[in-house]
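Take a look at the letters that make up each chain.
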Amino acid sequence: MDVVLRHANLPDGRRDVDIGIRDGVIIAVEPSLPAHAHEEMDVAGRLVSPPFVDAHFHLDSTLSLGLPRLNRSGTLLEGIALWGELKPHLTQEAVIARAMAYCDMAVAQGLLAIRSHVDVCDDRLLAVEALLEVKRRVAPYLDLQLVAFPQDGLFRSENGERNLLRALDLGVEVVGGIPHFERTMAEGARSVSRLCEIAADRGLLVDMHCDESDDPLSRHIETLAAETKRLGLYGRVAGSHLTSMHSMDNYYVSKLIPLIAESGVAAIANPLINITLQGRHDSYPKRRGMTRVPELMAAGVNVAFGHDCVMDPWYPFGSGDMLDVANMAVHVAQMTSLDGISSSFDAVTKNAARILHLDGYGIAPGCRADLVVLQASDPFEAIRLRATRLLVMRAGKVIARSPERVCALDLPGRPARLGLNFMPGSVQ
Ligand SMILES: [Zn+2]
(Lines give C-alpha, C1' and ligand atoms only; values in the text may rest on other atoms or scores of the structure.)
Protein backbone atom coordinates (compact mmCIF):
# COMPACT_ATOMS: atom_id res chain seq x y z
CA MET A 1 0.00 0.00 0.00
CA ASP A 2 1.38 3.41 -0.93
CA VAL A 3 -0.95 5.71 1.01
CA VAL A 4 -3.62 5.29 3.66
CA LEU A 5 -5.98 8.10 4.64
CA ARG A 6 -7.27 7.42 8.15
CA HIS A 7 -10.55 8.52 9.76
CA ALA A 8 -12.33 9.91 6.70
CA ASN A 9 -16.00 10.84 6.39
CA LEU A 10 -17.53 10.14 3.00
CA PRO A 11 -20.26 12.05 1.12
CA ASP A 12 -22.67 9.09 1.39
CA GLY A 13 -22.71 9.44 5.19
CA ARG A 14 -20.19 6.75 6.15
CA ARG A 15 -17.95 8.04 8.94
CA ASP A 16 -14.49 7.17 10.22
CA VAL A 17 -13.33 4.91 7.40
CA ASP A 18 -9.82 4.39 6.03
CA ILE A 19 -8.94 4.63 2.34
CA GLY A 20 -6.05 2.53 1.02
CA ILE A 21 -4.28 3.45 -2.23
CA ARG A 22 -1.82 1.49 -4.36
CA ASP A 23 -0.40 2.38 -7.78
CA GLY A 24 -2.76 5.34 -8.10
CA VAL A 25 -5.87 3.26 -7.50
CA ILE A 26 -8.12 2.94 -4.44
CA ILE A 27 -7.90 -0.65 -3.25
CA ALA A 28 -9.77 -0.56 0.05
CA VAL A 29 -12.37 1.59 1.81
CA GLU A 30 -13.19 0.24 5.26
CA PRO A 31 -13.00 1.05 8.98
CA SER A 32 -9.65 0.42 10.74
CA LEU A 33 -7.77 -0.84 7.68
CA PRO A 34 -5.00 -3.04 9.11
CA ALA A 35 -2.50 -2.48 6.30
CA HIS A 36 0.68 -0.44 6.71
CA ALA A 37 1.59 2.08 4.07
CA HIS A 38 4.53 4.20 2.97
CA GLU A 39 2.55 7.23 3.94
CA GLU A 40 -0.22 7.51 6.51
CA MET A 41 -2.41 10.60 6.64
CA ASP A 42 -4.83 11.21 9.48
CA VAL A 43 -7.66 13.32 8.07
CA ALA A 44 -9.34 13.36 11.50
CA GLY A 45 -13.03 13.16 10.63
CA ARG A 46 -12.90 15.41 7.62
CA LEU A 47 -14.93 14.91 4.48
CA VAL A 48 -13.07 13.07 1.72
CA SER A 49 -14.92 13.43 -1.55
CA PRO A 50 -14.27 12.36 -5.11
CA PRO A 51 -13.24 15.45 -7.10
CA PHE A 52 -15.72 18.08 -8.13
CA VAL A 53 -17.00 17.79 -11.69
CA ASP A 54 -18.29 20.76 -13.68
CA ALA A 55 -20.93 19.54 -16.14
CA HIS A 56 -21.19 22.83 -18.04
CA PHE A 57 -18.53 25.44 -18.68
CA HIS A 58 -17.13 27.80 -21.34
CA LEU A 59 -13.36 27.63 -21.25
CA ASP A 60 -12.89 29.62 -24.47
CA SER A 61 -14.40 32.81 -23.00
CA THR A 62 -13.29 32.47 -19.38
CA LEU A 63 -11.25 35.25 -17.74
CA SER A 64 -11.95 37.60 -20.67
CA LEU A 65 -13.99 39.99 -18.51
CA GLY A 66 -13.85 43.56 -19.83
CA LEU A 67 -12.61 42.58 -23.30
CA PRO A 68 -13.46 44.58 -25.30
CA ARG A 69 -15.97 46.10 -22.84
CA LEU A 70 -18.36 45.12 -20.03
CA ASN A 71 -21.90 43.80 -20.49
CA ARG A 72 -24.03 46.87 -19.69
CA SER A 73 -27.53 45.34 -19.68
CA GLY A 74 -26.40 42.09 -18.05
CA THR A 75 -28.53 40.08 -20.49
CA LEU A 76 -27.76 36.82 -22.27
CA LEU A 77 -28.27 38.48 -25.65
CA GLU A 78 -25.85 41.35 -24.94
CA GLY A 79 -23.37 38.71 -23.71
CA ILE A 80 -23.65 36.86 -27.04
CA ALA A 81 -23.23 40.15 -28.96
CA LEU A 82 -20.21 41.07 -26.82
CA TRP A 83 -18.58 37.69 -27.43
CA GLY A 84 -19.20 38.31 -31.16
CA GLU A 85 -17.25 41.59 -30.86
CA LEU A 86 -14.37 39.86 -29.11
CA LYS A 87 -14.15 36.81 -31.40
CA PRO A 88 -12.32 38.43 -34.35
CA HIS A 89 -9.62 39.66 -31.95
CA LEU A 90 -8.97 36.35 -30.19
CA THR A 91 -5.55 34.79 -30.57
CA GLN A 92 -4.81 31.17 -29.92
CA GLU A 93 -2.08 32.07 -27.41
CA ALA A 94 -4.44 34.25 -25.37
CA VAL A 95 -7.24 31.64 -25.31
CA ILE A 96 -4.75 28.96 -24.23
CA ALA A 97 -3.21 31.19 -21.54
CA ARG A 98 -6.59 32.10 -20.04
CA ALA A 99 -7.87 28.51 -20.16
CA MET A 100 -4.67 27.19 -18.53
CA ALA A 101 -4.98 29.85 -15.78
CA TYR A 102 -8.57 28.74 -15.17
CA CYS A 103 -7.53 25.06 -14.99
CA ASP A 104 -4.95 25.98 -12.31
CA MET A 105 -7.75 27.64 -10.35
CA ALA A 106 -9.94 24.57 -10.84
CA VAL A 107 -7.28 22.16 -9.55
CA ALA A 108 -6.76 24.33 -6.46
CA GLN A 109 -10.50 23.97 -5.78
CA GLY A 110 -10.52 20.19 -6.26
CA LEU A 111 -12.29 20.47 -9.62
CA LEU A 112 -10.66 17.77 -11.74
CA ALA A 113 -13.17 17.22 -14.57
CA ILE A 114 -14.78 19.89 -16.74
CA ARG A 115 -17.14 19.63 -19.68
CA SER A 116 -16.52 22.78 -21.70
CA HIS A 117 -18.49 24.00 -24.66
CA VAL A 118 -16.34 25.51 -27.39
CA ASP A 119 -17.72 27.93 -29.94
CA VAL A 120 -17.44 26.49 -33.46
CA CYS A 121 -18.99 29.47 -35.29
CA ASP A 122 -15.68 30.82 -36.53
CA ASP A 123 -14.28 29.61 -39.83
CA ARG A 124 -10.76 29.60 -38.32
CA LEU A 125 -11.87 27.23 -35.51
CA LEU A 126 -9.32 29.10 -33.43
CA ALA A 127 -10.93 28.35 -30.05
CA VAL A 128 -11.38 24.68 -30.98
CA GLU A 129 -7.69 24.27 -31.76
CA ALA A 130 -6.73 26.21 -28.64
CA LEU A 131 -8.87 24.10 -26.32
CA LEU A 132 -7.75 20.82 -27.92
CA GLU A 133 -4.22 21.93 -27.08
CA VAL A 134 -5.28 22.78 -23.50
CA LYS A 135 -6.94 19.36 -23.22
CA ARG A 136 -3.64 17.69 -24.14
CA ARG A 137 -1.65 19.82 -21.70
CA VAL A 138 -3.92 19.29 -18.68
CA ALA A 139 -4.66 15.59 -19.35
CA PRO A 140 -2.26 14.34 -16.63
CA TYR A 141 -4.29 16.09 -13.92
CA LEU A 142 -7.66 17.25 -15.28
CA ASP A 143 -10.25 15.56 -17.52
CA LEU A 144 -11.39 18.13 -20.05
CA GLN A 145 -14.29 17.12 -22.30
CA LEU A 146 -15.19 19.41 -25.20
CA VAL A 147 -18.61 20.10 -26.73
CA ALA A 148 -18.92 21.49 -30.27
CA PHE A 149 -21.15 24.47 -29.59
CA PRO A 150 -22.64 26.46 -32.50
CA GLN A 151 -23.02 29.66 -30.45
CA ASP A 152 -24.56 31.66 -33.31
CA GLY A 153 -26.96 28.88 -34.32
CA LEU A 154 -26.50 25.71 -36.36
CA PHE A 155 -28.71 27.06 -39.17
CA ARG A 156 -28.73 30.76 -38.24
CA SER A 157 -24.97 31.22 -38.70
CA GLU A 158 -23.20 30.85 -42.00
CA ASN A 159 -21.26 27.53 -42.15
CA GLY A 160 -22.66 26.49 -38.74
CA GLU A 161 -23.12 22.83 -39.59
CA ARG A 162 -19.95 22.59 -41.67
CA ASN A 163 -17.83 24.04 -38.85
CA LEU A 164 -19.47 21.83 -36.24
CA LEU A 165 -18.60 18.74 -38.30
CA ARG A 166 -15.03 20.03 -38.79
CA ALA A 167 -14.68 20.45 -35.00
CA LEU A 168 -15.90 16.87 -34.45
CA ASP A 169 -13.39 15.66 -37.05
CA LEU A 170 -10.63 17.41 -35.11
CA GLY A 171 -11.50 15.45 -31.96
CA VAL A 172 -14.20 17.39 -30.13
CA GLU A 173 -16.21 14.62 -28.53
CA VAL A 174 -19.71 15.93 -27.72
CA VAL A 175 -22.35 17.42 -30.04
CA GLY A 176 -23.76 20.77 -28.84
CA GLY A 177 -26.58 23.02 -29.99
CA ILE A 178 -28.62 26.12 -29.20
CA PRO A 179 -32.14 25.53 -30.60
CA HIS A 180 -33.76 28.55 -28.87
CA PHE A 181 -31.34 30.85 -30.74
CA GLU A 182 -32.26 29.59 -34.22
CA ARG A 183 -34.53 31.91 -36.22
CA THR A 184 -37.83 30.13 -35.52
CA MET A 185 -39.17 27.47 -33.18
CA ALA A 186 -39.45 25.16 -36.20
CA GLU A 187 -35.80 25.72 -37.16
CA GLY A 188 -34.84 25.13 -33.52
CA ALA A 189 -36.65 21.79 -33.49
CA ARG A 190 -35.08 20.88 -36.83
CA SER A 191 -31.61 21.68 -35.39
CA VAL A 192 -32.25 19.34 -32.45
CA SER A 193 -33.14 16.49 -34.84
CA ARG A 194 -30.15 17.12 -37.09
CA LEU A 195 -27.69 17.31 -34.19
CA CYS A 196 -29.03 14.12 -32.58
CA GLU A 197 -28.68 12.35 -35.93
CA ILE A 198 -25.05 13.49 -36.21
CA ALA A 199 -24.38 12.15 -32.70
CA ALA A 200 -26.12 8.84 -33.45
CA ASP A 201 -24.14 8.42 -36.70
CA ARG A 202 -20.82 9.10 -35.00
CA GLY A 203 -21.53 7.38 -31.68
CA LEU A 204 -21.10 10.62 -29.71
CA LEU A 205 -22.68 12.21 -26.64
CA VAL A 206 -25.04 15.21 -26.93
CA ASP A 207 -25.27 18.28 -24.71
CA MET A 208 -27.33 21.21 -25.92
CA HIS A 209 -27.98 24.63 -24.52
CA CYS A 210 -31.72 24.12 -24.53
CA ASP A 211 -34.49 26.63 -23.83
CA GLU A 212 -32.22 29.12 -22.05
CA SER A 213 -35.10 31.53 -22.05
CA ASP A 214 -37.97 32.80 -19.87
CA ASP A 215 -40.39 32.00 -22.70
CA PRO A 216 -42.73 29.30 -21.34
CA LEU A 217 -43.42 28.18 -24.92
CA SER A 218 -39.77 27.40 -25.64
CA ARG A 219 -40.19 23.61 -25.68
CA HIS A 220 -37.11 22.24 -27.42
CA ILE A 221 -36.48 19.92 -24.46
CA GLU A 222 -39.57 18.01 -25.60
CA THR A 223 -38.03 17.48 -29.05
CA LEU A 224 -34.67 16.60 -27.47
CA ALA A 225 -36.30 13.89 -25.34
CA ALA A 226 -38.33 12.54 -28.29
CA GLU A 227 -35.31 12.46 -30.63
CA THR A 228 -33.21 10.77 -27.93
CA LYS A 229 -35.84 8.05 -27.75
CA ARG A 230 -36.24 7.77 -31.55
CA LEU A 231 -32.48 7.40 -32.14
CA GLY A 232 -31.76 5.14 -29.16
CA LEU A 233 -29.47 7.63 -27.42
CA TYR A 234 -30.57 6.69 -23.89
CA GLY A 235 -28.05 7.88 -21.27
CA ARG A 236 -25.98 9.82 -23.81
CA VAL A 237 -27.90 13.12 -23.97
CA ALA A 238 -28.06 16.14 -21.67
CA GLY A 239 -30.14 19.29 -21.85
CA SER A 240 -28.32 22.30 -20.41
CA HIS A 241 -30.14 25.20 -18.70
CA LEU A 242 -33.78 24.25 -19.49
CA THR A 243 -34.76 27.55 -17.86
CA SER A 244 -38.01 27.96 -19.80
CA MET A 245 -39.31 25.05 -17.71
CA HIS A 246 -39.29 27.42 -14.72
CA SER A 247 -42.01 29.49 -16.41
CA MET A 248 -43.98 26.71 -18.10
CA ASP A 249 -47.57 25.81 -17.37
CA ASN A 250 -47.73 23.18 -14.59
CA TYR A 251 -50.06 20.91 -16.55
CA TYR A 252 -47.66 20.80 -19.49
CA VAL A 253 -44.71 20.08 -17.16
CA SER A 254 -46.64 17.18 -15.62
CA LYS A 255 -46.41 15.53 -19.04
CA LEU A 256 -42.91 16.75 -19.89
CA ILE A 257 -40.93 15.57 -16.85
CA PRO A 258 -41.99 11.90 -17.21
CA LEU A 259 -41.06 12.15 -20.92
CA ILE A 260 -37.57 13.39 -19.97
CA ALA A 261 -37.19 10.61 -17.39
CA GLU A 262 -38.34 7.96 -19.87
CA SER A 263 -35.89 9.12 -22.54
CA GLY A 264 -32.92 9.07 -20.13
CA VAL A 265 -32.01 12.71 -20.90
CA ALA A 266 -30.00 14.33 -18.09
CA ALA A 267 -30.55 17.92 -16.99
CA ILE A 268 -27.82 20.44 -16.25
CA ALA A 269 -28.78 23.58 -14.33
CA ASN A 270 -26.40 26.51 -13.95
CA PRO A 271 -27.63 28.25 -10.80
CA LEU A 272 -25.18 31.18 -10.70
CA ILE A 273 -25.88 32.12 -14.28
CA ASN A 274 -29.60 31.27 -14.33
CA ILE A 275 -30.35 33.49 -11.30
CA THR A 276 -28.31 36.27 -12.92
CA LEU A 277 -29.48 36.15 -16.56
CA GLN A 278 -33.10 35.01 -16.31
CA GLY A 279 -35.94 37.31 -15.39
CA ARG A 280 -34.12 40.31 -16.90
CA HIS A 281 -37.27 41.41 -18.71
CA ASP A 282 -39.38 41.20 -15.55
CA SER A 283 -40.24 44.17 -13.37
CA TYR A 284 -41.49 42.74 -10.05
CA PRO A 285 -41.87 40.00 -9.04
CA LYS A 286 -38.71 38.79 -10.80
CA ARG A 287 -38.41 35.17 -11.80
CA ARG A 288 -35.58 32.98 -10.47
CA GLY A 289 -35.40 31.22 -13.83
CA MET A 290 -33.55 28.05 -12.85
CA THR A 291 -35.12 24.82 -14.10
CA ARG A 292 -37.25 22.63 -11.81
CA VAL A 293 -34.41 20.78 -10.10
CA PRO A 294 -36.17 19.04 -7.15
CA GLU A 295 -39.04 17.89 -9.37
CA LEU A 296 -36.68 16.50 -12.02
CA MET A 297 -34.66 14.71 -9.34
CA ALA A 298 -37.82 13.28 -7.76
CA ALA A 299 -38.82 11.87 -11.18
CA GLY A 300 -35.49 10.04 -11.43
CA VAL A 301 -33.82 12.38 -13.94
CA ASN A 302 -30.06 12.71 -13.44
CA VAL A 303 -29.46 16.39 -12.59
CA ALA A 304 -26.05 18.06 -12.39
CA PHE A 305 -24.98 21.66 -11.85
CA GLY A 306 -22.51 23.64 -13.93
CA HIS A 307 -20.51 26.79 -13.23
CA ASP A 308 -21.10 27.87 -16.87
CA CYS A 309 -19.10 31.11 -16.77
CA VAL A 310 -16.29 32.73 -14.81
CA MET A 311 -15.32 36.35 -15.54
CA ASP A 312 -16.59 36.51 -19.10
CA PRO A 313 -19.20 38.43 -21.17
CA TRP A 314 -22.05 36.72 -19.28
CA TYR A 315 -20.88 36.65 -15.66
CA PRO A 316 -18.29 38.79 -13.88
CA PHE A 317 -17.72 36.59 -10.80
CA GLY A 318 -16.61 33.04 -9.99
CA SER A 319 -13.44 31.19 -9.06
CA GLY A 320 -13.91 27.60 -10.20
CA ASP A 321 -15.51 26.73 -6.88
CA MET A 322 -18.23 24.12 -7.41
CA LEU A 323 -19.30 24.54 -3.75
CA ASP A 324 -20.22 28.11 -4.64
CA VAL A 325 -22.40 26.65 -7.41
CA ALA A 326 -24.03 24.13 -5.05
CA ASN A 327 -24.55 26.83 -2.43
CA MET A 328 -26.41 29.01 -4.94
CA ALA A 329 -28.48 26.02 -6.14
CA VAL A 330 -29.63 25.26 -2.60
CA HIS A 331 -30.90 28.84 -2.30
CA VAL A 332 -32.45 29.25 -5.74
CA ALA A 333 -34.19 25.86 -5.72
CA GLN A 334 -35.05 26.15 -2.01
CA MET A 335 -33.37 22.78 -1.44
CA THR A 336 -32.55 23.51 2.22
CA SER A 337 -33.70 20.14 3.57
CA LEU A 338 -30.89 17.73 4.52
CA ASP A 339 -31.78 15.58 1.51
CA GLY A 340 -31.82 18.64 -0.74
CA ILE A 341 -28.38 19.73 0.47
CA SER A 342 -26.97 16.26 0.00
CA SER A 343 -28.48 16.05 -3.52
CA SER A 344 -26.87 19.39 -4.36
CA PHE A 345 -23.48 18.03 -3.37
CA ASP A 346 -24.11 14.99 -5.62
CA ALA A 347 -25.00 17.38 -8.48
CA VAL A 348 -21.46 18.81 -8.48
CA THR A 349 -19.78 15.41 -8.01
CA LYS A 350 -21.17 12.01 -8.96
CA ASN A 351 -24.24 13.09 -10.99
CA ALA A 352 -22.01 15.25 -13.19
CA ALA A 353 -19.46 12.41 -13.49
CA ARG A 354 -22.23 10.18 -14.87
CA ILE A 355 -23.15 12.75 -17.51
CA LEU A 356 -19.51 12.99 -18.63
CA HIS A 357 -19.26 9.16 -18.65
CA LEU A 358 -16.12 9.41 -16.49
CA ASP A 359 -14.43 6.07 -15.89
CA GLY A 360 -13.19 4.99 -12.46
CA TYR A 361 -14.82 7.87 -10.61
CA GLY A 362 -15.66 7.57 -6.91
CA ILE A 363 -14.35 6.59 -3.49
CA ALA A 364 -14.52 2.82 -3.89
CA PRO A 365 -12.11 -0.04 -4.56
CA GLY A 366 -11.06 -0.03 -8.22
CA CYS A 367 -11.57 3.70 -8.72
CA ARG A 368 -8.69 5.98 -9.61
CA ALA A 369 -7.36 7.61 -6.43
CA ASP A 370 -8.63 11.10 -7.25
CA LEU A 371 -9.93 12.79 -4.13
CA VAL A 372 -10.35 15.99 -2.18
CA VAL A 373 -9.97 16.45 1.59
CA LEU A 374 -12.21 19.29 2.74
CA GLN A 375 -12.09 21.38 5.89
CA ALA A 376 -15.58 20.15 6.75
CA SER A 377 -17.05 17.03 8.24
CA ASP A 378 -19.89 16.44 5.78
CA PRO A 379 -21.49 17.80 2.57
CA PHE A 380 -23.77 20.11 4.58
CA GLU A 381 -20.81 21.87 6.20
CA ALA A 382 -18.85 21.83 2.94
CA ILE A 383 -21.64 23.72 1.13
CA ARG A 384 -22.33 26.05 4.07
CA LEU A 385 -18.69 27.14 4.32
CA ARG A 386 -17.59 26.58 0.71
CA ALA A 387 -14.99 24.67 2.67
CA THR A 388 -11.25 24.95 2.05
CA ARG A 389 -9.75 22.16 -0.03
CA LEU A 390 -6.95 21.10 2.28
CA LEU A 391 -5.60 18.56 -0.15
CA VAL A 392 -6.31 17.48 -3.72
CA MET A 393 -5.08 14.13 -4.99
CA ARG A 394 -4.89 12.79 -8.56
CA ALA A 395 -4.10 9.09 -9.07
CA GLY A 396 -2.72 8.88 -5.54
CA LYS A 397 -0.43 11.91 -5.85
CA VAL A 398 -1.03 15.20 -4.02
CA ILE A 399 -1.37 17.97 -6.63
CA ALA A 400 -2.67 20.85 -4.49
CA ARG A 401 -2.67 21.84 -0.83
CA SER A 402 -4.26 24.78 1.00
CA PRO A 403 -3.72 25.83 4.62
CA GLU A 404 -6.56 25.41 7.07
CA ARG A 405 -8.75 28.50 7.32
CA VAL A 406 -8.67 29.97 10.84
CA CYS A 407 -8.77 33.45 12.26
CA ALA A 408 -6.48 34.70 15.07
CA LEU A 409 -8.79 36.57 17.43
CA ASP A 410 -7.73 39.31 19.79
CA LEU A 411 -10.71 39.70 22.12
CA PRO A 412 -10.47 39.81 25.96
CA GLY A 413 -11.63 36.55 27.53
CA ARG A 414 -12.41 34.88 24.19
CA PRO A 415 -10.57 32.07 22.37
CA ALA A 416 -7.41 33.01 20.49
CA ARG A 417 -8.25 31.06 17.36
CA LEU A 418 -11.54 30.75 15.56
CA GLY A 419 -12.37 28.16 12.93
CA LEU A 420 -15.59 28.42 10.99
CA ASN A 421 -16.54 24.82 11.64
CA PHE A 422 -19.33 25.36 14.12
CA MET A 423 -21.47 22.29 14.49
CA PRO A 424 -25.10 22.49 15.62
CA GLY A 425 -25.32 21.86 19.36
CA SER A 426 -21.68 22.62 20.11
CA VAL A 427 -22.64 25.66 22.23
CA GLN A 428 -25.56 25.18 24.67
ZN1 LIG B 1 -23.38 27.64 -21.45
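A. Summary view of the overall build of the protein. Across its full length, the protein holds 14 helices and 17 strands. Over its C-alpha trace the protein gives a radius of gyration of 22 Å, about what one expects of a compact globule, namely 22 Å for 428 residues. The 428 residues of the protein split such that 57% are buried. In the protein, the proportion of contacts linking residues at least 24 apart, taken out of those at least 6 apart, comes to 75%.

B. Representation of the coordination of the zinc ion in the model. At this site the zinc ion is bound by H56 (NE2), H58 (NE2), H209 (NE2) and D308 (OD), with donor distances of 2.1 to 2.6 Å. Around the zinc ion sit four donor atoms, and with donor-metal-donor angles ranging over 86 to 177° the site reads as irregular. Linear spacing of the donor residues for the zinc ion on their chain is H-x1-H-x150-H-x98-D. Highlighted residues: H56 in strand 5 (residues 52–58) and H209 in strand 9 (residues 205–210), separated in sequence by 153 residues. Classification of H56 by relative accessible area gives buried; the value is 0%.

C. Local environment of helix 2 (residues 92–108). In this model, helix 2 (17 residues) spans 25 Å end to end at C-alpha, consistent with the 24 Å of a helix rising 1.5 Å per residue. Of the residues making up helix 2, those classed as buried are V95, I96, R98, A99, M100, Y102, C103, A106 and V107. Immediately downstream of helix 2, the backbone of G110 shows phi near 75°, a positive value.

D. The pattern of salt bridges, seen in detail. One pass over the full model with this rule turns up 27 salt bridges. The residue R69 makes a salt bridge to E85 at a minimum N-O spacing of 2.9 Å. Taken together, the positions of R69 in the loop between strand 5 and helix 1 (76–86) and E85 in helix 1 put the pair 16 residues apart, joining distant regions of the chain. Using a relative accessible area of 23% as the deciding quantity, one classes R69 as partly exposed. Its salt-bridge partner being D324, residue R386 comes within 2.9 Å of it at the nearest N-O pair. Of this pair, R386 sits in the loop between helix 14 (379–385) and strand 14 (389–394) while D324 sits in helix 11 (residues 322–332), and the two are 62 residues apart along the sequence. Assessed through its relative accessible area of 36%, R386 is described here as partly exposed. By sharing partners, the salt bridges in this structure join E161, R194, E197, E227 and R230 into a single network.

E. Broad picture of the nonpolar core. With 104 residues, the main nonpolar core has L59, V134, L164, I221, L224, M245 and F305 as its most contacted residues. Counting residues in each nonpolar core, the second largest holds 20 residues, with L10, I26, M41 and V48 among its members.

F. Quick look at the environment of L323. Here L323 shows up in helix 11. L323 gets classed as buried once you look at its relative accessible area, which sits at 0%. Spatially, the C-alpha atom of L323 lies 5.2 Å from that of R386, the residues being 63 residues apart in sequence. With near-sequence residues (within four places) excluded, L323 lies in contact with F52, F345, L374, A382, I383, R386, A387 and R389.

G. The sheet that holds strand 3 (residues 25–30), seen in detail. Sheet architecture is open: seven strands sit in the order 3-2-1-4-13-14-15, paired in mixed fashion. The open sheet is flanked by strand 3 and strand 15 (397–401), the only strands paired with a single partner. Taken over all neighbouring pairs, the strand axes of this sheet differ in orientation by 35° on average, direction set aside. Sheet topology note: the strand 1 (residues 3–9)/strand 4 (residues 39–49) ladder contains six bridges and is parallel. Residue pairing for strand 4: L5 is matched across the bridge by M41.

H. Broad picture of the sheet that holds strand 5. A sheet is described by the order of its strands in space; here eight strands give the open sequence 5-6-7-8-9-10-11-12, paired in parallel fashion. The open sheet has two edge strands with one neighbour each: strand 5 and strand 12 (303–305). Pairing geometry for strand 10 (residues 237–241) and strand 11 (residues 266–269), over three bridges, is parallel. When the sheet's bridge partners are listed, A238 is paired in strand 11 with A266. The strands that helix 6 (residues 220–230) touches are strand 9 and strand 10; relative to strand 9, the one it contacts most, it runs at about 165°.

Conventions we followed
- Position labels on residues start from 1 in each chain and follow its written sequence.
- Side-chain atom pairs in this predicted model are given and counted only at pLDDT of 80 or more, local residue features only at pLDDT of at least 70, and totals for whole chains, interfaces and linings cover all residues.
- The basis for every side-chain value is the complete set of non-hydrogen atoms in the structure, without hydrogens or water.
- Every helix listed is a DSSP run of H or I at least four residues long, and every strand listed is a run of E at least two residues long, numbered separately from the N terminus.
- Two things to know: the radius of gyration comes from C-alpha atoms, and the globule rule equals 2.2 Å times the number of residues to the power 0.38.
- Burial classification: accessible surface area is computed with a 1.4 Å probe over protein chains only, and a residue below 20% of its type maximum counts as buried, one above 50% as exposed, and the rest as partly exposed.
- Residue contacts are counted whenever heavy atoms from the two residues lie within 4.5 Å of one another.
- Each metal's donors are the N, O and S atoms within 2.8 Å of it, or within 3.2 Å when it is Na, K or Ca, and because water is not part of the set, sites may look incomplete.
- In this scheme the shape depends on donor count and angles: four donors with every angle between 85 and 135 degrees give tetrahedral, four or six donors with opposite pairs above 155 degrees and others between 65 and 115 give square planar or octahedral in turn, and any other case is irregular.
- Under the convention used throughout, the expected extent of a helix is 1.5 Å for every residue step, that is, one less than its residue count.
- Take a side-chain nitrogen of Lys or Arg and a carboxyl oxygen of Asp or Glu: if they are within 4 Å of each other, that pair is a salt bridge.
- For the purposes of this section, nonpolar cores are sets of buried Ala, Val, Leu, Ile, Met, Phe, Trp, Tyr and Cys residues that join through side-chain atoms within 4.5 Å.
- Whether two strands pair depends on DSSP finding at least two bridges between them.
- Inter-axis angles, ranging from 0 to 180 degrees, are taken between N-to-C directions of lines fitted to C-alpha atoms, where helices are fitted over the stretch in contact.

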